[in-house]
Amino acid sequence: MNHRRPRWPLLLSALLTFERRARLLWLSTLVLAFFAGRASSTCGGAEHAAVAPTRPLLDGGVASDSPHAGRPGVADGGSRAEAIPLDAGWPGHDGSLRAVYRIVPRRNVAPAMGNSVGVTHDGRRLWLLSSNDVQHVLYELDEATSTPLRAHPLPALIGTRGTSAHGIAWVDGAIWIAIAGNTNELVQVDPDNGRILRRRSAPTELGPTGLSFDGQHLWLSSTSGHVYRMSTQNGSIEQRFLAGSPEVRSQGVAHRAGEIWVAGLFEQMVVYSSRDGALLGAVTTEGGAHLPREDLGQLCFVGDELVVLSQRGLTYYRPERVAE
């Protein structure tokens, strides 16, 4: 008589073996997920700190050291500041920058004219350039209401398709306009009648994006990220430094005693030394964050106020250097 061995012990053993393996696999998965989550959050946080435009940069009452000044500076609190990150493409994005300029909004007005591309101040009133494919108009504004006092159409400003106006500056009783595109040039206009006085080629490969005047020299920002200091007499380049890159691009420039403020086309605003082009600091909101794109645009200073022509209209800011 043949006796068959029962199969249930083998099946039970196989089930137990499978259960143990499943438990081990489950535990292994949990351990791997835990460590992967820690690594992911660390790397993600570092990446976020480097590129997020709304990351807080410096809290109130923080001290920091300026590599430019070479001496410590202390704000209200007395704690040591972390390095302030700039997005990749800006000089200083390696985290070495510590100085901060905060701009506090005072008021905002919306000009009646659309598609404004340039703003400047003549010492008494603001001037605004409105530009599109059809017409270009230069306006003198009542600063309190931003309503036009005078308007000068500029039908001969641009004569080449694929060319547009970017930025204006008041220079010794006349207004200079930056033209970029298929033709890169600077155009001088008589503010009393809108007559074009002369044209001068711009020293940029990719076109000028903003203009400012320091009382002696014309400052010019460009699509390539370079900032130029030019002679108003013969157009010669007296200084040039890099304030960005073709990936970042700049759109507005403004001079203040010893400083050149440069606004990016897509992100951030940075301050450089007008003496040697050294990086002085990053510009942040009142809360300590990078400026969003809708707050960036053409720049000019009116007394101690920074005026920004952006998607929001004309915004007047009070700059405060909170760390040196």
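Here the structure is a predicted model, which means the values were calculated and not measured.

*Asks:* Whenever I open this one, the overall build of the protein confuses me. Can you help?
*Replies:* Within the protein one finds 1 helix and 23 strands. Out of the 324 residues in the protein, the part that is buried amounts to 49%. Look at the contacts in the protein between residues 6 or more apart in sequence, and 48% of them connect residues 24 or more apart. With the model as given, the accessible surface of the protein reaches about 16,500 Å², and the carbon-plus-sulfur share is 52%.

*Asks:* What exactly am I supposed to notice about the nonpolar core here?
*Replies:* Grouped burial of nonpolar side chains is what soluble globular proteins tend to show. Among the nonpolar cores identified, the biggest contains 16 residues, and Ile103, Trp261, Met269, Val283, Leu299 and Leu306 are the most heavily contacted of them. Looking at this core, the elements that each hand over two or more residues are β4 (100-109), β18 (259-264), β19 (269-273), β20 (279-284), β21 (298-302) and β22 (305-310). In this structure Leu299 touches Val119, Gly252, Val253, Ala254, Trp261, Val262, Ala263, Met269, Leu306, Val307 and Val308, once residues within four positions along its chain are discounted.

*Asks:* What is the right way to read the packing of aromatic side chains from this model?
*Replies:* In this description, an aromatic ring pair is defined by two values, namely the gap between the centres and the angle between the planes. According to the stated counting rule, one finds 4 aromatic pairs in the structure shown. Ring centres 5.4 Å apart and planes at 80° place the aromatic pair Trp261 and Phe301 in the edge-to-face group. In this pair, Trp261 sits in strand β18 while Phe301 sits in strand β21, placing the two residues 40 residues apart along the sequence. The same class applies to Trp261 as to Phe301, namely buried.

*Asks:* Teacher, can you tell me more about unusual backbone geometry here?
*Replies:* Trans peptide bonds make up the majority, and among non-glycine residues the majority have a negative phi. At Ser146, a position not held by glycine, the phi torsion is positive, near 65°. The backbone phi angle of Asp172 is positive, close to 50°, even though this residue is not glycine. Along the chain, the position of Asp172 falls in the loop between β9 (163-171) and β10 (174-181).

*Asks:* In this structure, what is going on with the side chain of Ser231? I would like to understand it.
*Replies:* Examined against the element boundaries, Ser231 turns out to sit in strand β15 (residues 226-231). Note on Ser231: relative accessible area 9%, which makes it buried. The contact partners of Ser231, leaving out residues within four places of it in the chain, are Arg200, Ser236 and Glu238.

*Asks:* Hey, could you run me through the pairing of β20 in this one?
*Replies:* Across the 6 residues that make up β20, a large majority, 6, are buried. Two elements, β4 and β20, share 3 bridges in a ladder whose sense is parallel. Bridged to Val100 within β20 is Ala282. Note: β19 against β20, 4 bridges, orientation antiparallel. If you follow Val271 over to β20, its bridge partner there is Gly281.

*Asks:* What's the story with the environment of Ser224 in this structure? I'm lost.
*Replies:* Mapped onto the elements, Ser224 comes out in the loop between β14 (217-222) and β15. For Ser224, a relative accessible area of 11% gives the class buried. Separated by 19 residues in sequence, Ser224 and Glu205 place their C-alpha atoms 7.3 Å apart. For Ser224, the side chain forms a polar contact with the side chain of Ser222, separated by 3.0 Å. In this structure the side chain of Ser224 is engaged in a polar contact, spanning 3.2 Å, whose partner is the side chain of His226.

*Asks:* For this particular structure, what's the right way to read the pattern of salt bridges?
*Replies:* Oppositely charged side chains are able to pair whenever their charged atoms sit close together. This structure, assessed with the given rule, holds 12 salt bridges. Between Arg275 and Asp276 there is a salt bridge, with its nearest N and O atoms 3.0 Å apart. Each of Arg125, Glu140, Arg150 and Asp192 takes part in salt bridges that share partners, so that together they form one network.

*Asks:* Hey, could you run me through the environment of Tyr228 in this one?
*Replies:* Of note, Tyr228 is situated in strand β15. Given the relative accessible area of 4%, Tyr228 is considered buried. Within polar-contact distance, the side chain of Tyr228 engages the backbone oxygen of Pro203 at 3.1 Å.

*Asks:* Can you help me understand the sheet that holds β9 in this one?
*Replies:* The strands making up a sheet associate through backbone hydrogen bonding, with each pair oriented either parallel or antiparallel. Pairing is antiparallel across the open sheet formed by 4 strands, whose spatial order is β9-β10-β11-β12. Two strands bound the open sheet, and with one partner strand each, they are β9 and β12 (196-201). Ignoring which end each strand starts from, the neighbouring axes of this sheet average 25° apart.

*Asks:* I keep staring at the sheet that holds strand β13 (residues 208-213) and nothing clicks. Help me out?
*Replies:* The 4 strands are arranged β13-β14-β15-β16 in an open sheet whose pairing can be described as antiparallel. The sheet is open, and its two edges are formed by β13 and β16 (237-242), each paired on a single side. Adjacent strand axes in the sheet meet at a mean angle of 20°, parallel and antiparallel pairs treated alike. Of the pairings in the sheet, the one linking β13 to β14 comprises 5 bridges and is antiparallel in character. Within β14, the residue paired with Leu211 across the bridge is Leu220.

The rules behind the values
Residue indices begin from 1 for each chain and proceed along its sequence in written order. In keeping with the predicted nature of the model, local features appear solely for residues at pLDDT of at least 70, side-chain atom pairs appear and are counted solely at 80 or more, and the whole-chain, interface and lining totals rest on all residues. Hydrogen atoms and water are omitted, and side-chain values are computed over all heavy atoms in the structure. Strands are runs of DSSP state E lasting at least 2 residues, helices are runs of H or I lasting at least 4, and numbering of each runs from the N terminus. Each residue's exposure class comes from its accessible area (1.4 Å probe, protein chains only) as a fraction of the maximum for that residue type: buried when under 20%, exposed when over 50%, partly exposed otherwise. Working rule for contacts: check all heavy atoms of both residues, and any pair within 4.5 Å makes them a contact. Only the protein chains shown count as covering a residue, and every accessible area follows the Shrake-Rupley method with a 1.4 Å probe. Residues belong to one nonpolar core when they are buried, are Ala, Val, Leu, Ile, Met, Phe, Trp, Tyr or Cys, and are joined through side-chain atoms within 4.5 Å. The pairing test for Phe, Tyr and Trp rings, Trp by its six-membered ring, is centres within 6.5 Å, and the orientation test on the planes gives stacked under 30 degrees, edge-to-face over 60, and tilted for anything in between. Any two strands between which DSSP finds at least two bridges are classified as paired. Identification of polar contacts relies on pairs of N or O atoms within 3.5 Å, with a donor-acceptor requirement for protein atoms, meaning one able to donate a hydrogen and the other able to accept it, and with residues adjacent in sequence counted only if both atoms are side-chain atoms. Salt bridges are counted wherever a side-chain nitrogen of Lys or Arg sits within 4 Å of a carboxyl oxygen of Asp or Glu. All axes here are fitted lines through C-alpha atoms, helices being fitted over the stretch that makes contact, and every angle between N-to-C directions spans 0 to 180 degrees.

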